[in-house]
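Breakdown of the fold
Listed here are the chains, written in short residue letters.
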Amino acid sequence: RWLPALRQRLDMAGKRLSGPGLAAEGGVLRALLFAYRNRLLRHRPYLALQQVDQCLKRLWKMNLVGCIETLAGLIPEKNTSQAHAECLVPSQPMLETVAIKVLGGCKLILRLLDCCCKAFLLSVQHLCLEEFILLNTVASGLLSRLWFVIQYRCVLQSLISLYGILSTSLRLVSETQKMPYIKGFTFPSDISNFLGVNVSSEVKKQKARMLTTKKPTSWLKKLFPTMPEAVAEVGKKRNLATCTSAVKNCSIPCPMDIGEPVL
């Protein structure tokens, strides 16, 4: 009875972990760190970005997605008429291996969310001080997207629900054929006690801190004006460039508008 539910939770967690969002944001983060590695080695937001990148690298190196896909491949696909028939089930060592990686993955994702929140607050703080405007502007947008990808794609929630069915599967399989593989560690029945925090309240607290942060709106409006003003300014520049090019000789280059594409 629990095999179809286990396979469904495994497929859901694997899809959310291997989605394009985490990989894309991780690639942009590594490119940003590479571009600024020589100039900002002691800059606090840069060091916080390195911690975020370290959490992402550890998450990929633990090969959680591969273990989840391997366990899903061991579960036979049965239709409804064969639901109560005898079938092979994953062994206790395999279930324990995936369960211990899911526990570590949940801890690591909580750490990743915390690092994203701290790095975002540091980037906005240095934006208010008008330091390294380009880096901190890109970093704040990147960190907020990464945080919301993890939260609203329900990556952590899918792993927590997966551990619930894994814990039940471990108990049933060990009662049938006891073969403990990981010794000296007791698998918790409730993952919230293992994580040490209430996940929903912690995420709400981080979201409130990120949304109520002081924004440097005074000079950002100068750099990025509102849409009607920007469109009017670009239109004036283009009309001026058109009139100038019509009057002057074509061999004399005109100042090119910054909004025009340069081939």
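Residues take numbers from 1 onward in each chain, read along the sequence in its written order. Restriction of local features to residues with pLDDT of at least 70 applies here, the model being predicted, together with a cutoff of 80 or more for giving and counting side-chain atom pairs; totals for whole chains, interfaces and linings are based on all residues. The basis for every side-chain value is the complete set of non-hydrogen atoms in the structure, without hydrogens or water.

The numbering of helices and of strands both runs from the N terminus, where a helix is a DSSP run of H or I of at least 4 residues and a strand a run of E of at least 2. Looking only at helices and strands, the protein features 11 helices and zero strands. Taking all 263 residues of the protein together, the buried fraction comes to 38%. Two residues qualify as a contact provided that any one of their heavy atoms is within 4.5 Å of a heavy atom in the partner residue. Looking at the protein alone, contacts between residues at least 24 apart form 82% of all its contacts between residues at least 6 apart. The Shrake-Rupley method, run with a 1.4 Å probe, gives the accessible areas here. Residue values count only the displayed protein chains as cover. In the form shown here, the protein has an accessible surface area of approximately 16000 Å², with 59% of it arising from carbon and sulfur atoms. Each residue is assigned to one of three classes by its accessible area relative to the maximum for its type, calculated with a 1.4 Å probe on protein chains only: buried under 20%, partly exposed between the two thresholds, exposed over 50%.

Pairs of aromatic rings are described using the distance from one ring centre to the other and the angle between the two planes. To pair, rings of Phe, Tyr and Trp, with the six-membered ring standing in for Trp, must have centres within 6.5 Å; the planes then decide the type, stacked if under 30 degrees apart, edge-to-face if over 60, and tilted in the middle. Taken as a whole and assessed by the stated rule, the structure comprises three aromatic pairs. For the pair Trp-147 and Phe-148, a centre-to-centre distance of 5.0 Å together with 80 degrees between the ring planes defines the contact as edge-to-face. Relative to Phe-194, the ring of Phe-185 lies with its centre 6.5 Å away and its plane at 85 degrees, an arrangement referred to as edge-to-face. Classification of Phe-194 by relative accessible area gives partly exposed; the value is 28%. An aromatic cluster is built from Phe-185, Phe-187 and Phe-194, whose rings are joined through pairwise contacts. Across the ring face of Phe-34, the terminal group of Arg-37 is positioned such that the distance to the ring centre comes to 4.0 Å. Over a ring means this: the NZ of a Lys or the CZ of an Arg is within 6 Å of the ring centre and within 35 degrees of the ring normal.

Now for the packing of helix H1 (residues 2-17) against helix H7 (residues 155-176). At a closest axis distance of 9 Å, the pairing of H1 and H7 adopts a crossing angle of 150 degrees. Comparing their axes, H7 and H1 come out roughly antiparallel. Our pair here, H1 against H7, has a crossing hand that is left-handed. For the pair H1 and H7, the contacting residues are Trp-2, Ala-5, Leu-6, Arg-9, Leu-10, Ala-13, Arg-16 and Leu-17 in the first and Val-155, Ser-158, Leu-159, Ser-161, Leu-162, Ile-165, Leu-166, Ser-169, Leu-172 and Val-173 in the second. The angle between two axes is taken between their N-to-C directions and runs from 0 to 180 degrees, where each axis is a line fitted to C-alpha atoms and a helix contributes only its stretch in contact. Here the angle decides the label: under 35 degrees means roughly parallel, over 145 means roughly antiparallel, 65 to 115 means roughly perpendicular, and every other value means oblique. A crossing counts as left-handed when the near helix is turned anticlockwise from the far one by less than a right angle, and as right-handed when that turn is clockwise.

Time to look at the packing of helix H5 (residues 92-128) against helix H9 (residues 199-211). Each pair of packed helices can be described by the angle between their axes along with the distance between the axes. One can describe the packing of H5 onto H9 by two numbers: an axis separation of 10 Å at closest approach and a directional angle of 15 degrees. Between H5 and H9, the angle falls in the class roughly parallel. Both H5 and H9 take part in a crossing whose hand is left-handed. Every residue of H9 that contacts H5 at Leu-113, Asp-114, Cys-117, Phe-120 and Leu-121 is listed here: Val-203, Gln-206, Arg-209 and Met-210. Asp, Glu, Lys and Arg are counted as charged, while Ala, Val, Leu, Ile, Met, Phe, Trp, Tyr, Cys and Pro are counted as nonpolar; the rest, among them Gly, fall into the polar class. Residue classes in the contact of H5 with H9 are distributed as six nonpolar, one polar and two charged.

By themselves, these are just geometric observations and shouldn't be taken as functional.
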